[in-house]
Amino acid sequence: MYPLYLYDLSEHYGLVPGHTPNGHGIYESSDEYRTLQDQYEVQSIWWEKPNCLYPFLIRVDGIPAGFALIATPPYCSKGIDYFVNEFFLLRPFRGKGIAEKAAAQIFTQFKGSWELFTNPAGANGRGQAFWRKALSSYTNGKYEETRGSTFNGDMVIFRFRN
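Here's a quick rundown of the structure. Since the model is a prediction, treat every value here as computed from it, not as a measurement.

Notes on the side chain of Ser 10
Topologically, Ser 10 is positioned in helix 1 (residues 2-13). Residue Ser 10 is classed as buried on the basis of its relative accessible area, which comes to 13%. With sequence-adjacent residues up to four places away left out, Ser 10 is seen in contact with His 19 and Tyr 27.

Examining the nonpolar core
The nonpolar side chains of a soluble globular protein tend to be buried, and buried together. Counting 45 residues, the largest nonpolar core has Ile 70, Val 84, Phe 87, Phe 107, Trp 114 and Trp 131 as its most contacted members. Of all elements in the fold, only helix 1, strand 1 (53-60), strand 2 (63-71), strand 3 (82-89), helix 4 (98-109), strand 4 (113-118), helix 5 (125-139) and strand 6 (153-161) reach the threshold of two or more residues within this core. Leave out the neighbours within four places in its chain, and Ile 70 touches Trp 46, Cys 52, Leu 53, Tyr 54, Phe 56, Tyr 82, Phe 83, Val 84, Ile 106 and Trp 114.

Remarks on the side chain of Thr 72
Tracing the backbone shows Thr 72 in the loop between strand 2 and strand 3. Here Thr 72 is in contact with Asn 51, Cys 52, Leu 53, Tyr 54, Asp 81 and Tyr 82, once residues within four sequence places are set aside.

As for the packing of aromatic side chains
Under the definition given, this model contains 24 aromatic pairs. Between Tyr 5 and Phe 88, the aromatic rings sit 5.6 Å apart at their centres with planes inclined by 70°, giving edge-to-face as the arrangement. Separated by 83 residues along the polypeptide, Tyr 5 in helix 1 and Phe 88 in strand 3 bring together distant segments of the chain. As far as the burial class goes, Tyr 5 and Phe 88 line up, both buried.

Each value, and the rule that gives it
Residues numbered from 1 in each chain as written. Predicted model: local features only at pLDDT ≥ 70, side-chain atom pairs only at ≥ 80, totals over all residues. Heavy atoms only, no water. Helix = DSSP H or I, 4+ residues; strand = E, 2+ residues; numbered from the N terminus. Buried < 20%, exposed > 50% of the residue type's maximum accessible area, 1.4 Å probe, protein only. Contact = heavy atoms within 4.5 Å. Core = buried A, V, L, I, M, F, W, Y, C linked by side-chain atoms within 4.5 Å. Phe/Tyr/Trp six-rings, centres within 6.5 Å; stacked < 30°, edge-to-face > 60°.

Here you go:
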């Protein structure tokens, strides 16, 4: 599913280097990634650091429908306990409340200070609206939204504590 996630992100960024396919058709910034297998090897860190990095597979009726990648220190900003590194739901499952329910289940599993980023581009209006709705529902409106510079560039930044 990760290649589909990167493909979806490319819609928000447009023809920006790092968000277009490399010379081999893989959504990575380097031509060193020649196959999807090469790309998968980069993601293996999520299974190599238990109690620090948490990969989740979102299932609907037993079918893989999406994923979430949750990081803890040292893979978070200072003062943050949990970071939503990636969150993705396949298109056929969107708009049905599945992603919001999955996010709430993950948030409830880990207590502390949370942070997540999303692209501020107008093309990502749906993603921004999703996080505002999901976080407002989960926190009863007690979350912070700012826009600023992150390790991933200019982003909409959401923070809350549970």
